[in-house]
Amino acid sequence: MRIVVLAGGIGGARFLLGVRAYAREVGAEVTAVVNVGDDLYLHGLKVCPDLDSVMYTLGGGADPERGWGRAGETWTVKSELAAYGAEPSWFGLGDRDLATHLVRTTMLSGGYPLSAVTEALATRWQPGVRLLPATDDRLETHVVVSDPGGGDQRAIHFQEWWVRHRAEIPTHRFVFVGAESAKPAPGVLDAVGAADVVLLAPSNPVVSIAPILAVPGLREAVADGSARVVGISPIIGGAAVRGMADRCLAVLGVECSAAGVGGLYGGRAAGGLLDGWLVAPEDEETVVPDVTVRAVPLRMTDEAATAAMVRAALELT
Ligand code: FO1
């Protein structure tokens, strides 16, 4: 069996631990198509937060509390940069993490596409699933904001919105810069086309899953493909499990609920993506037109709990 997972960063990484565990049980192949909209250049280095969260988490090198960056991290370079007054200081790059960005930037400068760089970095980490960026092209999530109390609108990078402002700034819309000319990374369309199941991880639907689907041809490949498509709700009992999906959904005017996100993805018969939608027991009354909804525990407390979610999703197909 072949499983493709569309995933963002921290929540996606934790979900992929369960997918990998399930796949090992049943002998399935897993390809993760990971969001690149969070990526940014910083101090001359290319940083890919979602790809790195997935790679470090599956490779056993992630800091379990933070969910991003490396375990056992030190911050010497960060403090040296601050001593020079080098901005931005609001985005911390750890010393161990920097080695990843140095290798990545060197390879990109040498002409390697991001997908080849990701494969090279994963050779060290052995994540146990194939990691593909959604695209090798530039696709950056920018956020149109205005200062509190009105004033002109301006676009800032997603990370500045997420980390510097913690999303606590008047926010008007999200723009996936470069999406219109981006192409699916090599292997992405083949993986989706050959998949028996495509899973939408319980990542942020607005700034993690949407930028993946914004790559021309990718949404169509999923919607029109032969694979069954099952999503896992990132919202339990009307609250985001982690991160700021609630604030992101509010920007879109979408209800922060399992039904709201299910409706955002839509049923395949109605031109959307979903055949199945996994919700938490608190949300068992959820109805999404044309979609089979099933309620199971969705707290990813450990690999076994997450693998049980994956099994439930596969049973939905
Ligand atoms: N998140 C923060 O809240 N503060 C940081 O200083 C920070 C640094 C950072 C460095 C590398 C990296 O891969 C991720 C980092 N993140 C940080 C998390 C990042 O904003 C999120 O992982 C995603 O972009 C959102 O899912």
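Just above, that's the structure.
Keep in mind that this is a model prediction, so the values were computed, not measured.

Draft legend 1. Layout of the state of the cysteines. Under the defined criterion, the tally for this structure stands at 0 disulfides. Take Cys-256: it sits in no disulfide, and the sulfur closest to it among the cysteines is that of Cys-248, at 9.9 Å.

Draft legend 2. Quick peek at helix H11 (residues 258-265). Regarding H11, the residues found buried are Ala-258, Gly-260, Val-261, Gly-262 and Tyr-265. Of the residues one or two after H11, Gly-266 is the one with positive phi, at around 80°.

Draft legend 3. Looking closely at the pattern of salt bridges. For the coordinates displayed, the defined rule picks out 11 salt bridges. The salt bridge involving Arg-138 is made with Glu-140; its shortest N-O contact spans 3.3 Å. Taking relative accessible area as the criterion, Arg-138 reaches 49% and is therefore assigned partly exposed. One salt bridge in this structure joins Arg-164 and Glu-160, with 2.6 Å as the shortest N-O distance. One end of the pair is Arg-164 and the other is Glu-160, both in helix H6 (residues 158-164) and 4 residues apart, which spans about a single turn. By relative accessible area, Arg-164 is classed as partly exposed at 47%. Classification of Glu-160 by relative accessible area gives buried; the value is 18%. What emerges from the salt-bridge pattern is a single network uniting Arg-228, Arg-268 and Asp-275.

Here is what the cut-offs are and how they apply
- Residues numbered from 1 in each chain as written.
- Predicted model: local features only at pLDDT ≥ 70, side-chain atom pairs only at ≥ 80, totals over all residues.
- Heavy atoms only, no water.
- Disulfide = S-S within 2.5 Å.
- Buried < 20%, exposed > 50% of the residue type's maximum accessible area, 1.4 Å probe, protein only.
- Helix = DSSP H or I, 4+ residues; strand = E, 2+ residues; numbered from the N terminus.
- Salt bridge = Lys/Arg side-chain N within 4 Å of Asp/Glu carboxyl O.

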